[in-house]
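A structural walkthrough
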Amino acid sequence: MGRAASPGTVYLVGAGPGATDLITVRGLRVLASADVVLHDALVDPELLLEADPRAEVVSVGKRGYCVGSTRQEHINEALVRYARLGRSVCRLKCGDPCVFGRGGEEAEVLAAAGVPFAIVPGVTSAVGALAAAGIPLTHRDAGQAVALVTGHHDPDSPDCTLDWDALARLPGVVFYMAVRHVAKIAARLAASGLAPDTPAAVVEAGTLPRQRVCVSTVAGIGDAVAAAAVTGPAVFVVGAVVRFREKLLGFAAPAASEGGA
Ligand SMILES: C[S@@+](CC[C@H](N)C(=O)[O-])C[C@H]1O[C@@H](n2cnc3c(N)ncnc32)[C@H](O)[C@@H]1O
């Protein structure tokens, strides 16, 4: 098949933190009208039912450490190839496409290839999963800053270039992709001066029916996560905001999609 006279547009779309009704209205519109949908592994299969039945729906999932996941070069090449065939493409990613989602890298590739693209933001999981767990990410009484950090690398590996002393000084830190390293991350923060009794929590499968929340302290969160056999996806938050969960939870109405008002 040759090139179309003019390329289709690629939309880098955030699917939101998990629940299918937490995608944006614009994201849903793009999903429903695209000729091709290239989606990540963490996108709920139910959301894919919103695609046009005639659309080509392709999984290009990368599950953290899993074998057999799709290489980024392959995804980049597919985005350009479909667009050059004149197809409109919905590149659907969990959360927000540009928060630990390689949306920026894919946009660079599209720009370099002369393919028109647009970014459709989504609710990132640090925001969505913590809110669903009753943890208000930036409560005014819990500090003036929060950092979003990748916990993908083992803190002891040379690939991990995080400034632990700087992170330990912040009032709030949220780690993505950190399930494997929760205990080590907590230990590194404590070694850098974070009080061991600082509240900490892990929210697994945030906003989804199987959501689970482990609440502990920096000293205890590693054991709590191991005891609960958390597998992810999960976000790991450290800071005073975690304390508000207890206060807020008893008063929270169920989310609209759970049958609440
Ligand atoms: C490759 S990153 C993608 C992040 C995504 N772009 C975002 O903005 O949320 C995958 C990580 O997102 C987080 N994540 C995704 N969905 C989640 C959920 N439903 N609950 C908690 N964390 C989630 C986990 O930390 C997971 O390891």
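Whatever comes next refers back to the structure up there.
Here we summarise the structure given alongside this text. Computed from a predicted model, the values in this text were never measured in an experiment. (Residues numbered from 1 in each chain as written. Predicted model: local features only at pLDDT ≥ 70, side-chain atom pairs only at ≥ 80, totals over all residues. Heavy atoms only, no water.)

Brief notes about the site of the ligand
Around the ligand sit 18 residues, and of these Pro17, Val99, Thr124, Ser125 and Ala234 come closest. For the ligand, a nitrogen atom lies 2.8 Å from a polar atom in the backbone of valine 99. Separating a nitrogen atom of the ligand from a backbone N or O atom of glycine 206 is a distance of 2.8 Å. Contact with the protein chains hides 88% of the accessible area of the ligand, taken as 570 Å² for the molecule alone. When grouped by side-chain class, the residues that make up the shell around the ligand number 13 nonpolar, four polar and one charged. If you count residues domain by domain, the shell around the ligand takes at least three from each of domain 1 (10-123) and domain 2 (126-249). (Near = heavy atom within 4 Å. Polar contact = N/O pair within 3.5 Å; in protein donor to acceptor, adjacent residues only side chain to side chain. Areas by Shrake-Rupley, 256 points an atom, 1.4 Å probe, with all protein chains shown as cover. Nonpolar A, V, L, I, M, F, W, Y, C, P; charged D, E, K, R; others polar. Domains from an automatic or database assignment.)

Points about the sheet that holds strand S5 (residues 117-120)
Sheet architecture is open: five strands sit in the order S3-S2-S4-S1-S5, paired in parallel fashion. Because the sheet does not close on itself, it has two edges, and the strands there are strand S3 (56-59) and S5. With direction set aside, neighbouring strand axes in the sheet form an average angle of 15°. The pairing of strand S1 (residues 10-14) with strand S4 (residues 89-93) spans five bridges and is parallel. Of the residues in S4, the one forming a bridge with valine 10 is valine 89. (Pairing = 2+ DSSP bridges. Helix = DSSP H or I, 4+ residues; strand = E, 2+ residues; numbered from the N terminus. Axes fitted to C-alpha atoms, helices over the stretch in contact; angles between N-to-C directions.)

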